[in-house]
Amino acid sequence: MKHLLITGFDPFGGETVNPAWEAVSRLPDTIGVFRLTKLQIPTVFGIAADTVLAAARADAPDVILCVGLAAGRDAVTPERIAINIASAKKPDNAGNQPQESPILPGGPDGIFSTVPVSAMADAITAAGLPGRVSNTAGTFVCNDTLYRLLHHYADTPVRVGFVHVPQLPQQAGDGAPSMALGDMIAALTAAIGILR
């Protein structure tokens, strides 16, 4: 059986829950051909990726899939690319608030995900849930983490991806997009199920 390291962020921005971790922590222990290791990571620039890398050194995953919150989205969205920029509208959980800073000076402007994002999005919609490919992981900790991991695992067999989930209904304001936790779990299960 292959090994998938899947992560979700801790709460940030004054929230008491992060739907990314709530969904990840409730996933089955095996999906398709993968045994899952679930890991909560801090919403902190640099430290989030370092936490994933430390776990990966200990556990040697075949695939690393990080999950984060994208408030305002109405679908579960695998990310196509990470860009070499960190720019935060609000501080991370350690008070860092970079502005227009390269994540890795001299690194590529962008790095494409190494998981099949279109097939993952199709699997989510085939399960009757809203899913689509996203072409921007933003410039906050989610993008920072994806970029650092993709850079680290470039030219290795380890595949790396990122999926954003919407807010939970109790987090979203009137009329704001949201998704029930059970639907997020089902969407992630469907997306993981097509990985090989």
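My aim in this report is to walk through the structure given alongside it, one point at a time. None of these values were measured; they are calculated from a predicted model.

Rules and cut-offs
- Residues numbered from 1 in each chain as written.
- Predicted model: local features only at pLDDT ≥ 70, side-chain atom pairs only at ≥ 80, totals over all residues.
- Heavy atoms only, no water.
- Core = buried A, V, L, I, M, F, W, Y, C linked by side-chain atoms within 4.5 Å.
- Buried < 20%, exposed > 50% of the residue type's maximum accessible area, 1.4 Å probe, protein only.
- Helix = DSSP H or I, 4+ residues; strand = E, 2+ residues; numbered from the N terminus.
- Contact = heavy atoms within 4.5 Å.
- Polar contact = N/O pair within 3.5 Å; in protein donor to acceptor, adjacent residues only side chain to side chain.
- Expected span 1.5 Å × (residues − 1).
- Axes fitted to C-alpha atoms, helices over the stretch in contact; angles between N-to-C directions.
- Parallel < 35°, antiparallel > 145°, perpendicular 65-115°, else oblique.
- Left-handed = near helix turned anticlockwise from the far one by under 90°.
- Pairing = 2+ DSSP bridges.

Counting residues in each nonpolar core, the largest one holds 30 residues, and the members touching the most others are Leu4, Ile6 and Leu27. Looking at this core, the element that brings in the most residues is helix 5 (residues 181-193), giving 6 residues. Apart from residues lying up to four places away in sequence, Leu27 is in contact with Ile6, Leu36, Lys38, Ile185, Leu188, Thr189 and Ile192. Core analysis: the next-biggest nonpolar cluster, separate from the first, contains 28 residues, Ala56, Ile103, Phe140 and Leu146 among them.

A separate point is the side chain of Thr43. Examined against the element boundaries, Thr43 turns out to sit in the loop between strand 3 (34-41) and helix 2 (47-59). A polar contact is formed between the side chain of Thr43 and the side chain of Asp10, at a distance of 2.8 Å. The contacts of Thr43, once residues within four sequence positions are left out, are Phe9, Asp10, Phe12, Asp92, Asn93, Phe140 and Val141.

Moving on, we get to helix 4 (residues 141-152). End to end, helix 4 covers 16 Å across 12 residues, agreeing with the expected 16 Å (1.5 Å per residue, within 8%). All buried positions along helix 4 are accounted for by Val141, Cys142, Asn143, Asp144, Thr145, Leu146, Tyr147, Leu149 and Leu150.

Next up on the list: the packing of helix 2 against helix 4. For any two helices packed against each other, the geometry comes down to the angle between their axes and how far apart the axes lie. Put simply, helix 2 and helix 4 touch, their axes get as near as 8 Å, and they point 45° apart. When the axis of helix 2 is compared with that of helix 4, the two are oblique. Crossing angle aside, the handedness with which helix 2 passes helix 4 is right-handed. For the pair helix 2 and helix 4, the contacting residues are Ala48, Ala49, Val52 and Leu53 in the first and Val141, Thr145, Arg148, Leu149 and His152 in the second.

Let us now look at the pairing of strand 1 (residues 2-9). Of all 8 residues that make up strand 1, 7 are buried, and the element is covered over most of its length. In this structure, strand 1 lies alongside strand 3, joined through 8 bridges in parallel fashion. In the strand pairing of strand 3, Leu4 is matched with Leu36. As defined by bridge partners, strand 1 adjoins strand 4 (residues 63-69) across 5 bridges and the pair is classed as parallel. Within strand 4, the position partnered with Ile6 by the bridge is Leu65.

These figures come from the coordinates and say nothing about function on their own.
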